[in-house]
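# Tertiary structure, described
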Amino acid sequence: MTEITGLLRSWSGGDDAALEALTPLVYDELHRIAQRLFVTEGSGHTLQPTALVHEAFAKLVDADVTWQDRAHFFALAARMMRRLLINNANANRAQQRGGVAAMLT
């Protein structure tokens, strides 16, 4: 079992100190995942990889997940980042089409 897997399991068990120890160990890999996701994004994006990492990590911290291992954590983090990018793109498109303006027939 890797150090990250052990910390993930401790954190799932309610050990807040494990989260503090885990954060610097996973941050660089989360940032690499975010940068890879931005390769396929268009230019002029309102989010930056660092902001995406922070937002995804905040959601992962609040998630009620029993972590299996580091691969499970990074896979869920990548999925969370993709979902955040999609939500951001949908919100931007809605804004371009009038946002919350009332539709008239």
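Just above sits the structure.
Throughout what follows, the structure given in this document is the object of discussion.

Basis of the calculations
- Residues numbered from 1 in each chain as written.
- Predicted model: local features only at pLDDT ≥ 70, side-chain atom pairs only at ≥ 80, totals over all residues.
- Heavy atoms only, no water.
- Helix = DSSP H or I, 4+ residues; strand = E, 2+ residues; numbered from the N terminus.
- Buried < 20%, exposed > 50% of the residue type's maximum accessible area, 1.4 Å probe, protein only.
- Contact = heavy atoms within 4.5 Å.
- Areas by Shrake-Rupley, 256 points an atom, 1.4 Å probe, with all protein chains shown as cover.
- Phe/Tyr/Trp six-rings, centres within 6.5 Å; stacked < 30°, edge-to-face > 60°.

## Quick look at the overall build of the protein
Across its full length, the protein carries four helices and zero strands. When the elements of the protein are put in sequence order from the N terminus, they spell out α-α-α-α. For the protein, with 105 residues in total, the buried portion stands at 31%. Considering only contacts within the protein whose residues lie at least 6 apart along the sequence, 57% involve residues at least 24 apart. As presented, the protein carries roughly 6900 Å² of accessible surface, and 52% of it is formed by carbon and sulfur atoms.

## Things to note about the packing of aromatic side chains
This model, assessed by the stated rule, comprises three aromatic pairs. Ring centres of Trp-11 and Trp-67 lie 5.9 Å apart, and the angle between their planes is 20 degrees; on these two criteria the pair is classed as stacked. Of this pair, Trp-11 sits in helix α1 (residues 3-12) while Trp-67 sits in the loop between α3 (49-62) and α4 (70-96), placing them 56 residues apart in sequence. Like Trp-67, Trp-11 is buried.

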